[in-house]
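Per-entry structural report
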Amino acid sequence: MQSIHEAALAELVAVGLGRLTMEGIAKRAGTAKTSLYRRWSAPHDVLLDAIHHEHPQEVPSPAADDLRGDLLRALRQLVAWLGTPTAAAVAAIMAERRRYPELARALYERVFDARGGRFTLTVLRFYAARGHIDPARITPIVADLGEALVFKLALDADVPPSEEQLVAIVDQAILPAVGLDPAGRSAKS
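Notes on the structure follow. (Residues numbered from 1 in each chain as written. Predicted model: local features only at pLDDT ≥ 70, side-chain atom pairs only at ≥ 80, totals over all residues. Heavy atoms only, no water.)

1. Some remarks on the environment of D66
- Of note, D66 is situated in the loop between helix 4 (43-54) and helix 5 (67-82).
- Owing to a relative accessible area of 32%, D66 belongs among the partly exposed residues under this scheme.
- When the C-alpha atoms of D66 and G131 are compared, they prove to be 13 Å apart, with 65 residues separating the residues in sequence.
- In contact with D66, not counting residues within four places along its chain, are S61, R73 and Y127. (Helix = DSSP H or I, 4+ residues; strand = E, 2+ residues; numbered from the N terminus. Buried < 20%, exposed > 50% of the residue type's maximum accessible area, 1.4 Å probe, protein only. Contact = heavy atoms within 4.5 Å.)

Right, dumping it as structure tokens:
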């Protein structure tokens, strides 16, 4: 299965989303096209399965005792993921979302939502469920804040954000947005 997932991601990079075929994936994986059709009905299904399999799963500390550290680990995980073929596949789908709206929709449904959401959102929900932060503070904007800043900084500089920038995102944006200061105490109103 791993070789098929790797082949789907490599084929996407080689030919692009519009020219992704079962034949190309099968050839690259060294398997028969009929083998692919037994499991998937279309090349985009193979691609979504590969992305789902390779997409990182955020795992907050079980004791829920280090929100700041868990947010930093989630952002580090995001930065590490940005350099993978899976991230390139996600970027290709997002770049072509007008041409393939059903594929972009499936990306959210079958990958992001199925894996618990996005990087910092998973952590924020975990801590809210345990009473450490107010769930009402996890608005759609707050949910995307960390990731949006990572992407902005990466686009601006054409390199991933530094550790110092990740710390600043957590301390200056995410924690204040959920009503906490960097030490994890309630912020004064």
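2. What to know about unusual backbone geometry
- The residue A64 is not glycine, and still its phi comes out positive at about 50°.
- Looking at where A64 falls in the secondary structure, it is placed in the loop between helix 4 and helix 5.
- With a phi close to 60°, D158 is a non-glycine residue in the positive phi region.
- With respect to the helices and strands, D158 occurs in the loop between helix 9 (140-157) and helix 10 (163-177).

3. Topic: helix 4
- With 12 residues, helix 4 ought to run about 16 Å at 1.5 Å a step, and its terminal C-alpha atoms sit 17 Å apart, in line with that.
- With respect to burial, helix 4 is a largely interior element, 9 of its 12 residues being buried.
- The inward-facing, buried residues of helix 4 abut helix 1 (2-15), helix 2 (22-29), helix 3 (33-39), helix 6 (85-95) and helix 7 (101-112). (Expected span 1.5 Å × (residues − 1).)

4. Things to note about helix 1
- Taking 1.5 Å of rise per residue, the 14 residues of helix 1 would be expected to cover 20 Å, and the 20 Å separating its terminal C-alpha atoms lies within 8% of that figure.
- Along helix 1, the residues that are buried comprise I4, H5, A7, A8, L9, E11 and L12.
- Of the surrounding secondary structure, the elements contacted by the buried residues of helix 1 are helix 2, helix 3, helix 4 and helix 6.
- Positive phi appears at G16, one or two residues downstream of helix 1, with a value of about 90°.

All quantities given are derived from atomic positions and should not be read as evidence of function.
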